[in-house]
Amino acid sequence: MAAPPQIAVLGAGIFVKSQYIPRLAEIAHLLSLKYIWSRTEESSKVAVEIAKQHFPGVECKWGDQGLNDIIQDAYLLGVAVVLAGQAQVDISLKLLKAGKHVIQEKPAAASTPKIETALASYNSICTKPGQPIWSVAENYRFELAFVESKKLMADIGDMMNVQVIIEGSMNSSNPYFSSSWRRNFEGGFILDMGVHFIAALRMMVGSEVASVSAITSHIDTTLPPPDIISSNFKLENGCSGVFVMVVSASSPKIIWRVVGSKGTLQVERGKKDGKHGYVVALYSADGQCKSTFYPFSGVNEELKAFIHDILQASLKKESGYEAEPRSSFLEGARDVAVLEAMLESGSMGGALVHVKKF
Ligand SMILES: *[C@@H]1O[C@H](CO)[C@@H](O)[C@H](O)[C@H]1NC(C)=O
């Protein structure tokens, strides 16, 4: 058996401490966490202290020198990039050029022009086989709730209409509320959080969003603009739908609902036995409803897929290896393109905008 792949985590923010370290700890038998890097020594040390309980050998790295050490460590196979949205793409490309496999946090990039530049740069590194893997971590495509609902779509007949209603809870109690990079991000929380909801939508319906027409507004001035978006959209299969996102609502609700000729499928965020997750409900024409609760599993599944991919890629370098398509940079790019089109339409008072294709 091959030795577990060695990986590094770049970033030591809230998401690393509250999600990456615990989720990596759950699959600690599959990998070796070698480094945690941050811009400052202080913050990398705090994260390393937490990670040490599960990965006793993890080392602290910081600053330019620390990043160089990581790039030059020939034994290091993969890197998780969990940094400010504005900084991620440049650092990911730097690592990819050094031959490291990368899993980068969403959003794939801040805009479609940036995505085009990034893809050109990535494709110039080296062509398949042997191109390092570039994954974008958005987790929703790995949630069992959406994997299962994609299968259930076959039971609702012809797709007639889609509704995605997101009433979020991004208020001052949320640990990400004050995150400075999100406040300086074009599109604010709508783009940063919205990619998740678009990812789930695209996965469920199995058709791309072709065009949109949206109204945006800025009501809660403690949030960056816009904080509300109401968009109509048309899928490539001709089906119409609405996407509504209220960044901060006093009574949160998150649902995806697909109305078909023989039934309706609904996925709703919920809680059962103290666990957060999703209720997938299939309503059929005879008035029956079959519903199942799926606890969150996406971050764990996505990290497992990445570890599996980089190990396979390192074993099959010459013959080539097809990485998990759900976490490809292209999928992340397509989610950004949909939201960018909605935001652009909103800034033009609802004009019809075609979604950029990747
Ligand atoms: C923020 O939203 C959550 C969930 O709706 C709520 O429980 C909490 O009281 C809100 N906090 C503030 C400061 O409004």
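Position numbers for residues start from 1 in each chain and track the written sequence from start to end. Note on the predicted model: pLDDT of at least 70 is required for a residue's local features to be given, and 80 or more for side-chain atom pairs to be given and counted; whole-chain, interface and lining totals, by contrast, use all residues. Side-chain calculation: all heavy atoms of the structure are included, whereas hydrogens and water are not.

1. Brief notes about the overall build of the protein
Summing up its helical and strand segments, the protein has 10 helices and 15 strands in all. Dimensions along the principal axes, computed over C-alpha positions, put the protein at roughly 60 × 45 × 45 Å. Exposure categories follow from relative accessible area, calculated using a 1.4 Å probe and restricted to protein chains: below 20% of the type maximum is buried, above 50% is exposed, and the middle band is partly exposed. Looking at the protein as a whole, 51% of its 358 residues qualify as buried. Partitioning the intrachain contacts of the protein with sequence separation of at least 6 by distance along the chain shows that 69% fall at a separation of at least 24. In the structure as shown, the protein presents an accessible area of about 16000 Å², 52% of it carried by carbon and sulfur atoms. With 35 positive and 36 negative side-chain charges, the protein shows a spacing of 2 Å between the two charge centroids. In this text, helices come from DSSP runs of H or I with a minimum length of four residues, and strands from runs of E with a minimum of two, each type numbered from the N-terminal end. Whether two residues are in contact is decided by their heavy atoms: any pair within 4.5 Å suffices. The protein chains shown are the only cover counted for residues, whose accessible areas, like all others here, come from Shrake-Rupley with a 1.4 Å probe. For this count, His and the chain ends are skipped, Lys and Arg are scored as positive, and Asp and Glu as negative. The atoms used to mark charge sites are NZ of Lys, CZ of Arg, CG of Asp and CD of Glu.

2. Overview of the sheet that holds strand β2 (residues 32-38)
Spatially, β3-β2-β1-β4-β5-β6 is the arrangement adopted by the six strands of the open sheet, whose pairing is parallel. Single-partner strands in this sheet number two, and they are β3 (59-62) and β6 (134-137). Averaged over all adjacent pairs, the angle separating strand axes in this sheet is 20°, with direction ignored. As paired strands, strand β1 (residues 6-10) and β2 are joined by five bridges and run parallel to one another. Along β2, the bridge assignment pairs I7 with L33. Orientation is described by lines fitted to C-alpha atoms, with helices fitted over the stretch in contact, and by angles between N-to-C directions that extend from 0 to 180 degrees. Packed on one face of the sheet, helix α1 (residues 14-26) meets β1, β2, β4 (76-81), β5 (101-105) and β6 and runs near 165° to β1. At least two bridges found by DSSP between two strands is the condition for calling them paired.

3. Observations regarding the UniProt feature "domain: Gfo/Idh/MocA-like oxidoreductase N-terminal" (unreviewed entry) in the protein
UniProt positions are given in the numbering used here, feature names are shortened, and annotations may be inferred rather than shown by experiment. Within this structure's numbering, the places UniProt gives as "domain: Gfo/Idh/MocA-like oxidoreductase N-terminal" (unreviewed entry) are residues 7-116. Segment residues 7-116 splits into 45% helix and 24% strand. End C-alpha atoms: 28 Å apart.

4. Remarks on the pattern of salt bridges
Salt bridges are counted wherever a side-chain nitrogen of Lys or Arg sits within 4 Å of a carboxyl oxygen of Asp or Glu. Considering all chains together, one arrives at 19 salt bridges under this definition. The partner of D335 in a salt bridge is R202, with the nearest N and O atoms 2.6 Å apart. Of this pair, D335 sits in helix α10 (residues 329-347) while R202 sits in helix α8 (residues 188-205); the two residues are 133 residues apart in sequence, bridging distant segments of the chain. The same class applies to D335 and to R202, which are both buried. Among the salt bridges present, the one from E236 reaches K357, with a minimum N-O distance of 3.6 Å. Here E236, found in the loop between β9 (228-235) and β10 (240-246), pairs with K357, found in the segment after β15 (353-354); they are 121 residues apart in sequence, far enough to count as distant. Residue class for E236 comes out partly exposed when judged on its relative accessible area of 46%. Taking relative accessible area as the criterion, K357 reaches 65% and is therefore assigned exposed.

5. Observations concerning the site of the ligand
We define proximity as follows: a residue is near a molecule or strand when any one of its heavy atoms falls within 4 Å of that partner. Neighbouring the ligand are S169, N171, S172, S173, S250 and P252. The term polar contact refers here to a pair of N or O atoms within 3.5 Å; inside protein, the definition further demands a hydrogen-donor-capable atom paired with an acceptor-capable atom, and it admits residues adjacent in sequence only when both atoms are side-chain atoms. Between the ligand and N171 there is a distance of 2.3 Å, counted from an oxygen atom to a side-chain nitrogen or oxygen. In the environment of the ligand, a nitrogen atom lies 2.8 Å from a nitrogen or oxygen atom belonging to the side chain of S173. Isolated, the ligand exposes 360 Å² of accessible area, and the fraction of that covered by the protein chains is 44%. Within the shell around the ligand, the residues separate by chemical class into one nonpolar, five polar and no charged. Each residue is assigned to one class: nonpolar for Ala, Val, Leu, Ile, Met, Phe, Trp, Tyr, Cys and Pro, charged for Asp, Glu, Lys and Arg, and polar for all the others, Gly among them.

6. With respect to unusual backbone geometry
For the bond from K106 to P107, the omega torsion is -10°, close enough to zero to count as cis. Looking at the element boundaries, P107 is found in the loop between β5 and α5 (112-125). Between P225 and P226 the backbone carries a cis peptide bond, its omega angle lying at -15°. Along the chain, the position of P226 falls in the loop between β8 (209-217) and β9. With phi around 50°, D273 is a residue other than glycine that occupies positive phi space. Take D273: it is sitting in the loop between β12 (263-272) and β13 (275-284).

7. Notes on α1
Across its 13 residues, α1 extends 18 Å between first and last C-alpha, which sits within 8% of the 18 Å expected from 1.5 Å per residue. To get the bend at a residue, fit one axis to the 7 residues ending there and another to the 7 starting there, then take the angle between the axes. Of all the bends in α1, the greatest reaches close to 30° and is centred on Y20; the proline P22 follows between one and four positions later. Among the residues making up α1, those that are buried are V16, Y20, I21, L24 and A25. Each helix should span, by expectation, one fewer than its residue count multiplied by 1.5 Å.

8. A few points about the sheet that holds strand β11 (residues 248-260)
Spatial ordering of the open sheet is given by β14-β13-β12-β11-β7-β10-β9-β8-β15, a layout of nine strands whose pairing is mixed. The open sheet terminates on both sides in strands that have one partner only, identified here as β14 (289-295) and β15. Bridging between β12 and β13 involves 10 bridges; their strand directions are antiparallel. Paired with V267 across the strands is V280, a residue of β13. Set on the sheet, α10 makes contact with β8, β9, β10 and β15; between it and β8 the angle comes to about 50°.

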